[in-house]
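The lines below spell out each chain.
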Amino acid sequence: MSVYRLTVSQLNALASEILSQAPLADCELLGEISAATLAASGHFYFTLKDAMASVSCVMFRQDFSRVAQRPQVGDQVILRGRAGLYQRDGRFQFYAQDLQLSGQGSLWQQFAALKAELEAKGYFAPEHKQQLPFLPRIIGIVTSSKGAAVHDIITVSQRRFPGIKLQLIPVAVQGPGSAQDIARAIKIFNHLNQADLLIVGRGGGSQEDLWSFNERPVADAIYQSKIPIISAVGHETDFSIADFVADLRAPTPSAAAELAVPVKAELIAHIQALKQALDRGLIQEVANSRLRDQAANRRLYRAWNQRLAEENQALDALVNRPVLQSPLQSIKLRRQELLSLTRDLWRAEENAREDCKRQIQDLSGKLELLNPYHILQRGYTAVLDQEGKILSRLSQVQKGSMVHIRFIDGEALAEITDLAEPS
């Protein structure tokens, strides 16, 4: 028995010739579009599948231009064309010459049915959405450890906020059991209660590749999560059930990292600006205190001069009384009274001076107590919110909020981890 010896080119040519014969030379093909790309050349490349298999298809520009409505992933279609072999690569594919929509595919129907059910139950309600933390201490990541998504999230996060803590629970993001794997990871993060924010998702792919994020276990886990979740599934044009249930949808994993992490350099610049504003306020308050001290001293000086003038006037009136102008004896008596009054006057003057000094000292002490820098020197600190306002009551802060603590020599950023009423 002789054995044919063929080159690769001869083998592909022979297979192409066999496929060009009836019935594959002109037939109809029924299936669901699961992946589609419209090339810049105008050729339409897509995959057609049924419950058991899939086949690569192409529809050239001159044929695709006659299609009335551009098909979408999930559409059920009827193709008219031929089966063939792309000889250069030995790739089997179907060359479609006509395309007719036959309805929506089974995956789309499942997607629409679950979306309607969850929407009716309030899974997408805005009031159920949790607010994302401004600066999470730890970000949990639920995705594959081998895909580009985790690399993009890590790269963007570290670039925006170097040193941010990330925790990854690697999961399968497609295939049987992947939905349960993703849901389990979300529940583990909630049980550990360490992460402040979760990013759940994967990179792009076909509808089948992304299908795990359209299944009920993932939707339930996201809805029940006490930790805010950003959904980042596929590309910007891809939408999943997870996107609708999550607290925030990101178009890509990289965008999710940008939404989750602020820019550290911008935060530092803002804090420095607040510190400078606080310093200017303290300097102005000290200057105002000095001005008030000087004004008080001037008022005291005027009061003292006024009192002295009144005493001099009284003395002059006493000396000029007629009774002192006549008898010598009377003069002697009045002189003694004058000397006595003079001594009383000087004593009164001395007492008034002492009173004024004490008043000045009391006012100076009170002004000193109002000096903000002296308050800090005595071991006290000032607590301010993110906007630079003084916090004086426990009711003004919440657990998890960030505050600024002002010391005599600098400032610190702190997080409120516990609240306790005075015992």
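For clarity, every value in this text was computed on a predicted model and none was experimentally measured.

1. Notes on the packing of aromatic side chains
In step 1: For the structure shown, the criterion picks out six aromatic pairs.
In step 2: Judged by centre distance (4.6 Å) and plane angle (20°), the ring pair of Phe 44 and Phe 64 falls under stacked. Of the two residues, Phe 44 sits in strand E2 (residues 44-49) while Phe 64 sits in helix H2 (residues 61-64), which places them 20 residues apart along the sequence.
In step 3: Centre to centre, the rings of Phe 124 and Phe 244 are 5.5 Å apart; their planes meet at 40°, and the pair counts as tilted. In this pair, Phe 124 is assigned in the loop between helix H3 (106-120) and strand E6 (138-143) and Phe 244 in helix H7 (residues 241-245), connecting sequence segments 120 residues apart.
In step 4: Among the aromatic residues, ring-to-ring pairing joins Phe 44, Phe 46 and Phe 64 into one connected group.

2. Digging into helix H5 (residues 178-192)
In step 1: Here H5 is 15 residues long and its end C-alpha atoms lie 21 Å apart, about the 21 Å a rise of 1.5 Å per residue gives.
In step 2: Of the residues making up H5, those classed as buried are Ser 178, Ala 179, Ile 182, Ala 183, Ala 185, Ile 186 and Phe 189. Down the axis, H5 shows its buried residues gathered within 155° of arc, on one side only. Within H5, the exposed residues directed more than 90 degrees away from the buried face are Lys 187 and His 191.
In step 3: Buried residues in H5 make contact with E6, strand E7 (165-170), strand E8 (197-202), helix H6 (216-224) and strand E9 (229-233).
In step 4: Of the residues trailing H5, Asn 193 is marked for its positive phi of about 55°.

3. What about the side chain of Asp 385?
In step 1: With respect to the element layout, Asp 385 can be found in the loop between strand E11 (382-384) and strand E12 (402-407).
In step 2: Despite its burial, Asp 385 pairs with no opposite charge, the nearest such side chain being Lys 389 at 5.7 Å.
In step 3: A polar atom in the side chain of Asp 385 sits 3.0 Å from the backbone nitrogen of Gly 388.
In step 4: Here Lys 389 takes part through its backbone nitrogen, which lies 2.8 Å from a polar atom of the side chain of Asp 385.
In step 5: Excluding anything up to four places from it in sequence, Asp 385 contacts Leu 391 and His 404.

4. What about the sheet that holds E7?
In step 1: With parallel pairing, the five strands of this open sheet are ordered in space as E7-E6-E8-E9-E10. At either end of the open sheet lies a strand with only one pairing partner, and these are E7 and strand E10 (248-249).
In step 2: Contacting E6, E7, E8 and E9, H5 crosses the sheet at an angle of about 165° to E6.

5. Some points on the nonpolar core
In step 1: With 34 residues, the main nonpolar core has Val 142, Ile 182, Ile 186, Leu 198, Val 200 and Ile 222 as its most contacted residues.
In step 2: Listed by contribution, the elements that provide at least two residues to this core are H3, E6, H5, E8, H6, E9 and H7.
In step 3: The leading source of residues in this core is H5, at six residues.
In step 4: The contacts of Val 200, once residues within four sequence positions are left out, are Val 142, Ile 182, Ile 186, Phe 213, Ile 229, Ile 230, Ser 231, Ala 232 and Val 233.
In step 5: Judged by nonpolar contacts, the second largest core, of 17 residues, contains Ile 139, Ile 199, Ile 230 and Ala 257.

6. Notes on helix H8 (residues 253-260)
In step 1: Those residues of H8 not exposed but buried are Pro 253, Ala 255, Ala 256, Ala 257 and Ala 260.
In step 2: Elements that come into contact with the buried residues of H8 comprise E6, helix H4 (148-160), E8 and E9.

7. Considering the pattern of salt bridges
In step 1: Applying the stated criterion across every chain, the model contains 21 salt bridges.
In step 2: The partner of Lys 121 in a salt bridge is Glu 117, with the nearest N and O atoms 3.3 Å apart.
In step 3: The exposure class of Lys 121 is partly exposed, given its relative accessible area of 47%.
In step 4: In this structure Glu 117 comes out as partly exposed when scored by relative accessible area, which is 34%.
In step 5: Among the salt bridges present, the one from Lys 389 reaches Glu 387, with a minimum N-O distance of 3.8 Å.
In step 6: It is possible to trace a salt-bridge network through shared partners that takes in Glu 117, Lys 121, Arg 216 and Asp 220.

8. What about the pairing of strand E13 (residues 410-415)?
Regular strands place their side chains on alternate faces of the sheet.
In step 1: Pairing of E12 with E13 involves six bridges; the strand directions are antiparallel. When the sheet's bridge partners are listed, His 404 is paired in E13 with Leu 413.
In step 2: In this antiparallel pair of consecutive strands, E12 and E13, the connection spans two residues.

9. Observations concerning unusual backbone geometry
In step 1: In this structure, Asn 193 takes a positive phi of about 55° despite not being glycine.
In step 2: For Asn 193, a relative accessible area of 59% translates into the label exposed.

10. With respect to the sheet that holds E11
In step 1: Spatially, the three strands line up as an open sheet ordered E11-E12-E13, and their pairing is antiparallel. In this open sheet, the two edge strands, each paired with only one partner strand, are E11 and E13. Each strand axis lies, on average, 25° off the axis of its neighbour in the sheet, ignoring direction.

What counts, and at which threshold
Residues numbered from 1 in each chain as written. Predicted model: local features only at pLDDT ≥ 70, side-chain atom pairs only at ≥ 80, totals over all residues. Heavy atoms only, no water. Phe/Tyr/Trp six-rings, centres within 6.5 Å; stacked < 30°, edge-to-face > 60°. Helix = DSSP H or I, 4+ residues; strand = E, 2+ residues; numbered from the N terminus. Expected span 1.5 Å × (residues − 1). Buried < 20%, exposed > 50% of the residue type's maximum accessible area, 1.4 Å probe, protein only. Arc of directions from axis to C-beta. Contact = heavy atoms within 4.5 Å. Lys, Arg positive; Asp, Glu negative; His and termini not counted. Salt bridge = Lys/Arg side-chain N within 4 Å of Asp/Glu carboxyl O. Polar contact = N/O pair within 3.5 Å; in protein donor to acceptor, adjacent residues only side chain to side chain. Pairing = 2+ DSSP bridges. Axes fitted to C-alpha atoms, helices over the stretch in contact; angles between N-to-C directions. Core = buried A, V, L, I, M, F, W, Y, C linked by side-chain atoms within 4.5 Å.

Remember, this is a structural readout, not a statement about activity or role.
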